[in-house]
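A closer look at the structure
Now for the letters of each chain:
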Amino acid sequence: MKKPIYSISLLSALILTFGCSNDSVSEEFDDANGDTEKKLISSVAIISAQDPQDDKTISLSYTSDGSLNTINNGIETGIFTYNNDDELTNIKGGSDNLNIFELYESPYDAFETGKVLVYDDNGNPTKIEFYEEEYDNDSDSYVTKIYTADVSYDDTHNPYFYTLEAAGIIEVLDGVRLNFGIQPQVPEILKARMFFPVNNPSQIIYKNEEGDVVYTINANYVYDNDNYPTSAKITKVSIEHSEQHTYSTIFEYVN
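The structure presented is a predicted model; accordingly, all values stated were derived computationally and were not measured.

A separate point is the pairing of strand 12 (residues 243-253). Successive side chains on a regular strand alternate, one facing one side of the sheet and the next facing the other. Inspection of the sheet shows strand 1 (residues 41-48) paired to strand 12 by seven bridges, in the antiparallel sense. Looking across to strand 12, one finds that Ile47 is bridged to Ser248. Across eight bridges, strand 11 (residues 229-238) lies against strand 12 in antiparallel orientation. Considered in strand 12, the bridge of Thr235 is made with Thr246.

On to the pairing of strand 11, then. Bridge count for strand 10 (residues 213-223) against strand 11 is nine bridges, and the pairing is antiparallel. When the bridges of strand 11 are listed, Tyr223 appears paired with Pro229. Connecting the antiparallel pair strand 10 and strand 11 is a turn made up of five residues, with Asn227 showing a positive phi of about 65°. Here strand 11 folds back onto strand 12 in antiparallel fashion, the turn holding four residues, of which Ser242 has a positive phi close to 50°.

Cut-offs used in this document
- Residues numbered from 1 in each chain as written.
- Predicted model: local features only at pLDDT ≥ 70, side-chain atom pairs only at ≥ 80, totals over all residues.
- Heavy atoms only, no water.
- Pairing = 2+ DSSP bridges.
- Helix = DSSP H or I, 4+ residues; strand = E, 2+ residues; numbered from the N terminus.

This is the structure in structure tokens:
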């Protein structure tokens, strides 16, 4: 298992798979959520119930015209630059700060090396297959096993959508055409497109090759009147190690 981290990757390097709709991200988001109030995230505070040293706040700033300017995670700062047409041209440093799945600190590399097996009717990835190395006592070596991650969602929109739109990321993803006969596009963007959720993930259940549950992540959100999360309690349980960790998140939005 990988070491848990609090950072939220902007464009996670996820393995390209087939099965997603040909609709744009914007179309899928609108179809799934209807008329949604636009709010931009100004900060996400992460508070560990076990170790205060793990606490972290991710802060976001915007330009006067509403474009995302910087993201700071307390260690480094990501700076977003745009051309005269307000199109994203570059992200300098500290770009690992805006992918909703990484908020849950997945202990596995499912969202980095996996492939989507099943999407729901809204286009959210619900079953992901990935590989995990396990030590085999009989052979005294590591063997590769096939694991799966089952993802469930609240009936609410992805709260990061408009923040990603303000960063120019949604426009980039909307430009991805899932026609594999045309000119290849940037692999990382294609991968991020394939894993983009239009709803808010609330549970991830990891299973080993035998189908046994080995790890669970549950997020219980408190929503405002516009269905944006104001806080959440996230509980992670390792079945095989009989360990449980919890932390809270607090969301703030631009007034």
